[in-house]
Each structure stands twice: as C-alpha cells, then as structure tokens.
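Structural characterization, general
Listed here are the chains, written in short residue letters.
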Amino acid sequence: MSTDIAEKSEVTSAPTFEEAIAFVWAEADLLDRLDYRPWLKLWTDSGKYIVPVERDVDYVDALNIVYDDQEMREARVKRLLSGFSMSSAPPARTVRTVSRFVVTEQDERSITLRGAQMLAEYKYQHMRFLPADISYRIVRGPDGNLLLDEKIVTLINAEDFQFGIGYLL
Amino acid sequence: METTTIDGAVVSDYADLVRDDRGHTSLYKDAKIFDEEMQRIFRNTWVWVAHASDVPTKNTFKTSWVGDQPVIVTRDKAGQVHVLLNRCRHRAASVCEKKKGKASVFVCPYHGWSYDVDGKLRKVPHAKGYEEGFDTADYPLVSLRVEEYNGLIFATFKQDIEPLEEFLGAARKWIDLFMKQGAGFGVKTLGEHKFRFPGNWKIQLENTTDAYHFPIVHKTFLDSLDEETENVFDVLGQGGWVEDLGNGHSVMVMIPDLIDLDDNLDAPIPDRFADLARELAEEGHCDADVRRIVRAVGGTGFNLNLFPNVACSMAFFRVLRPVSVDETEITHVAIGMDGGPVAGNRARLRLHEHFQGPMGFGTPDDAEGWERVQRGAQAGDDLWILLNRGVDAPEGVAEPGHNAGDVSAETGMRAAYQMWKRMMAA
C-alpha cells in the first residue's frame, strides 16, 4: 500500500463535484433506509461525524449533540440497530433531501461541499421537520472509492431544543 | 378542579390526589392543575435559574425561567446577581432575546426604555410626553429575590420565603460533594443540551431518582461501555440507596465508591481514563494531581434531585422547565473544571455527549419512555401512578448496605410528591 503508485493515484484523483454529489445522495439514501452497517464503511479511519450545538466554534472543545469518531459511530450504529433502544425501536420514518451544493474547498486530495438538508421525521402521529446546514469533506480512498472525512450537520435550531432523535442525521 | 374525580367523587382538595404510596393520573393531564402548579409551586419556592459561571463577570447575563416566567439573570458591577422579569414595564415587550452575553444596559426595542443590569429604569425617550410626577424609580424591571449556594443560583417570587440554605437543608452536603468535580479548580458550565418531550414535568422529576429503569431503558448505553465501566454502571448491584432529604429533595446513590471524589485517590486509574492520565502527566501534572483530576472527570455516583426544577445528576445539571401540562423542556448542562486542564474538560464533553442530549445513548430513550407515560396516561382516568416500590430507610438515615430504601426504591418520588401535596393543598 505504501508504494509510490498508490500515493500518486490518490494525489491525482480528487473527487469531482459531480462524484461528490452522487456520493452524498447515496449516503442520504442509506440513512433513510436505516442501512447503517454499509454507512460505517463510508468513512476514513479518522473521519468525524459532528452535529454541533453552537455555530462557529472549535467543535472539539465545545459541547456537541454528536462528536463521533469511528469507534463511537460503530457503537451508535450497534445501539440503533439493537432493538433494545426504545427511541429507535420502532424507528421513526425519515425522508430527506440534500441540495443547494456549493464547493467551499478543493485540493488535490479532497472536496468540501456545503449544502442544505431537509428532513421530515414521522413517529407516533408526530411529523417533525429538521432542516440543517450540512457540510461534507470527501476524499478518495485507496481503492478509488469516495470516503467521508468529515460531516457536519448543523440543525437550523441547533442551539435551541430538539426532541429525541433516534436515527442518524 | 371540578373536573377531577376519584372513584366517581369530585375532588375538593388537590391534596387528595397524592397518597403516601401513589399519585393520581390527573396530575399528568389536568391543565387546571398545571396552571395551579405554576402559581402555588413555581411562584412560591426557590427555583434554580443559573450556575455562577453562566454569569462569570460584571455585566454578563443569561436568560432563564422561573416556572412559566421568562427572566434575565445578570451580574452587576459589584458582582451581585439579579434576576429580573424579561418584560418592559411600559408595554410589556421582552427586553432581551439572547441566551447569554455581555450587556451594561437592556434597551426595550419597542419604545427605547433602557434598564440597568440591576433592573433600574435608566432612561425613557421623549420623557416630556409624560405628565409631571412620572418617576422612573416607579418602573424598574421586576426583580426577584436571589440567593446562591455553592455556585447554584436560585430565585423566587416569594419575598418572605425561608433562606435558600434552610430550604436546601440536608441537600447542601450533597451539593458540596457534587462540586468536588471541579477538582479544586471550581466548577464551570461547558455547554447545554436542550430537548423537549411531550409529557408532564413531574414525569421527569420522578426519573432523576429512578434507578429501577436504568438497566432496562439504558441497556444500549451499558452495552456500549467497556466491561470495567459497565460494572461501574451496574447501578442496582452496588448497595446504593435513596434518601429523602426533606422539602421534596432526595438523593439516589448508585455508586457508593463515587460519593466523595477526594476518597480512594490511590485506587488504580480505570482503563478508560488511561490515555487522559498519560496526557495529563505529560503536561507536567504530578501524580497526585493526575489522580484527583481523573477521578473528578469521571463524575460522582449519585443523583441529587432538588424540588422542583434542578438536579445535580452524576456529572451534569439537569434542569426542567414546565411548558404546558403535556410538554416539558429539559436542559442538560455539561460542567467541567474552571481553568482546569483542557484535556480533562475535553474528556468531560465527550462523556456528556455519550449519554446526554437529543442524540445521546441515554437521553432519547428516557424521553421516549416519558412520552410513553403521557400517552399511556390517556387511558384509565381513575387509575393511580404507583410510587410504592421499596420501603423508606429508618428515620431517613441511610448507610450503604442497609436493608431499607435500597437504590431502586421510589423514596425520592414519594418525597417530591409529598412536597407537591404540601404546596398544592388548599
């Protein structure tokens, strides 16, 4: 793996805007279908999944709703799929769209998109709407597939109250 | 009141709705009872509004609530804390809509009346339009009585109430123990998770000293821990207890080893904190400091429930706000060391996020359980909520390993409902 060829191919194949969008849509589809195990494989080893409370802060030193590394993502998915968590069994139904993409950063290794997520949630006769600003840093993995290196989901009311969220944003 | 009946008989006194071992279902559902609670309880007792570190320096403020009343908590130039109704004395507009910040004056956005941080009306624009004799001294922001104990700031509408220290009584000892999480640096709030559930506020009040639900509702949290930590959180199996502390307050000790964070500092550092201990040592902290900080980072082993709206719960403050008879807002305030090592506070934040908040491994399941209580209580108008689990400790004096008031007893709930009864009785 540490050959020059592998490193070179990584360097020369930054994800394109179109590839990144297709990847994000596929991810959103996985999440709405609660297909969480394949979702775990979409990440780099050091990838961070963040749902902040506050905007414009250094998330590592702030309180977040979610601040997950790979180990916490795996624990979270195990919990959500276990059947023993009453907030996720039965799960809420969700339908989400992600759009309004702009490229905020791009280099030879990665692309960072900012977008808008519109998510509707339904459970026990409650319909709730959870709009969010969303950002993805996407890199190309060693096998050529795209990987999430960072995903930040900032709910429109992040610093206000939420109801329990028993699924992945 | 006239709508509530017990076994077909109309209830004439709210006190009839609470018995020693049970509470009536209408306590969760009757909007009139809720309105009375806002008056008889929340305007008649000490209500927690802030931690001292929320208003750390002069001219800092945070907005908060006393029951259904929005307030601003301010600190003036002399360091004194004020709690003011967030309502302009002119035509009622709110004078502050920020969660927290710095301000030396609050200006009403509607007609520009401006108030000092102690509530005094400073200036009225175009004052000539008022008749002679109009005195700004007559129209300060309404100020509540404020007292503080070990960083916990409470306010009350009841000017002639007993001193806060007296109201807290036996709970003070537990507050002092709880604040040892400052590891000698002092305690500081680090952030807040806010969430709501569609249910009555007392369902949450009950939950803070309910160890019985823990292994069932929080199975997936326990499953996410390493074996050593999972054993620590075996809350029913460590000889814990629940103690009625008077005035509706109670404490539930789940992990007796973690009552006093100054004790057992020579014990081996748990595996889950090994990295933190190493990091602290590398930063130059001596072994004794590392042990003290690491033990404080892990939090205490008890939940202290203070009637009616705040709990010092293991490692955070849990604050409830009644919104309506069937909606409640909860704030889980993360706390850490004020000026303590960054690595330690970072560890606190990650621990808090693990269990708490709308996507934590614990909170959403609690919230769902409470919602299910409210939904279930739609059935069986004549039924009662059972609070009869366990027996009280002899004379309220509990020690580890005694037979009475074991950790899963509903002693704390009974204590809270007896205070409710006292305050709601005709």
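Residues numbered from 1 in each chain as written. Chains lettered and ligands numbered in written order. Predicted model: local features only at pLDDT ≥ 70, side-chain atom pairs only at ≥ 80, totals over all residues. Heavy atoms only, no water.

1. Description of the overall build of chain B
The helix and strand tally for chain B stands at 13 helices and 22 strands. Here the C-alpha radius of gyration of chain B, 23 Å, is about what a compact globule of 426 residues would show, namely 22 Å. Its C-alpha atoms give chain B principal-axis dimensions of roughly 75 × 70 × 35 Å. Within chain B, the proportion of its 426 residues that are buried is 56%. With the model as given, the accessible surface of chain B reaches about 17400 Å², and the carbon-plus-sulfur share is 49%. Of note, chain B has its 47 positive side-chain charges centred 7 Å away from the centre of its 66 negative side-chain charges. (Helix = DSSP H or I, 4+ residues; strand = E, 2+ residues; numbered from the N terminus. Rg over C-alpha atoms; globule rule 2.2 N^0.38 Å. Buried < 20%, exposed > 50% of the residue type's maximum accessible area, 1.4 Å probe, protein only. Areas by Shrake-Rupley, 256 points an atom, 1.4 Å probe, with all protein chains shown as cover. Lys, Arg positive; Asp, Glu negative; His and termini not counted. Charge placed at Lys NZ, Arg CZ, Asp CG, Glu CD.)

2. What to know about unusual backbone geometry
The omega angle of the peptide bond from A:A89 to A:P90 is 5°, so this bond is cis rather than trans. When you line up the elements, A:P90 lands in the loop between α4 (70–81) and β3 (93–106). The step from B:F307 to B:P308 runs through a cis peptide bond, and the omega angle for that step is 5°. Its place among the elements puts B:P308 in the loop between β18 (302–306) and β19 (310–313). Even without being glycine, B:N59 reaches a positive phi, approximately 65°. Relative to the helices and strands, B:N59 resides in the loop between β5 (47–51) and β6 (60–66).

3. So, the sheet that holds strand β7 (residues 69–75) of chain B
Residue and element names in this part refer to chain B. The four strands lie next to each other as β8-β7-β6-β9, forming an open sheet whose pairing is antiparallel. At either end of the open sheet lies a strand with only one pairing partner, and these are β8 (81–85) and β9 (100–102). On average, adjacent strands in this sheet sit at an angle of 30° to one another, irrespective of strand direction. Where β6 meets β9, three bridges bridge the pair, whose relative direction is antiparallel. Along β9, the bridge assignment pairs K62 with K100. (Pairing = 2+ DSSP bridges. Axes fitted to C-alpha atoms, helices over the stretch in contact; angles between N-to-C directions.)

4. Some points on the nonpolar core
Generally speaking, a soluble globular protein has its nonpolar side chains buried in company with each other. In this structure, B:W174, B:L304 and B:W420 are the most contacted members of the largest nonpolar core, which totals 77 residues. The dominant element in this core, judged by the number of residues it contributes, is helix α13 (residues 411–424) of chain B, at seven residues. In this structure B:L304 touches B:A171, B:W174, B:I175, B:L245, B:S250, B:V251, B:V310, B:A311 and B:C312, once residues within four positions along its chain are discounted. By size, the runner-up hydrophobic cluster in this structure holds 40 residues, among which are A:W39, A:Y136, A:V153 and A:L168. (Core = buried A, V, L, I, M, F, W, Y, C linked by side-chain atoms within 4.5 Å. Contact = heavy atoms within 4.5 Å.)

5. Remarks on the interface of chain B and chain A
Listed per partner, the contact involves 36 residues of chain B and 37 residues of chain A. For the pair chain B and chain A, the number of links is three salt bridges. We note a salt bridge from A:D61 to B:R346, for which the minimum N-O separation is 2.7 Å. Taken together, the links from chain B to chain A amount to 23 residue pairs in polar contact (both at pLDDT 80 or more). The set of elements that each furnish at least two residues to the side of chain B that touches chain A consists of β15 (187–197), α7 (219–223), β21 (327–337), α11 (342–355) and α12 (363–376) of chain B. Partitioned by chemical class, the residues of the side of chain B that touches chain A number 12 nonpolar, eight polar and 16 charged. (Salt bridge = Lys/Arg side-chain N within 4 Å of Asp/Glu carboxyl O. Polar contact = N/O pair within 3.5 Å; in protein donor to acceptor, adjacent residues only side chain to side chain. Nonpolar A, V, L, I, M, F, W, Y, C, P; charged D, E, K, R; others polar.)

Function cannot be read off these values alone, since they describe shape.
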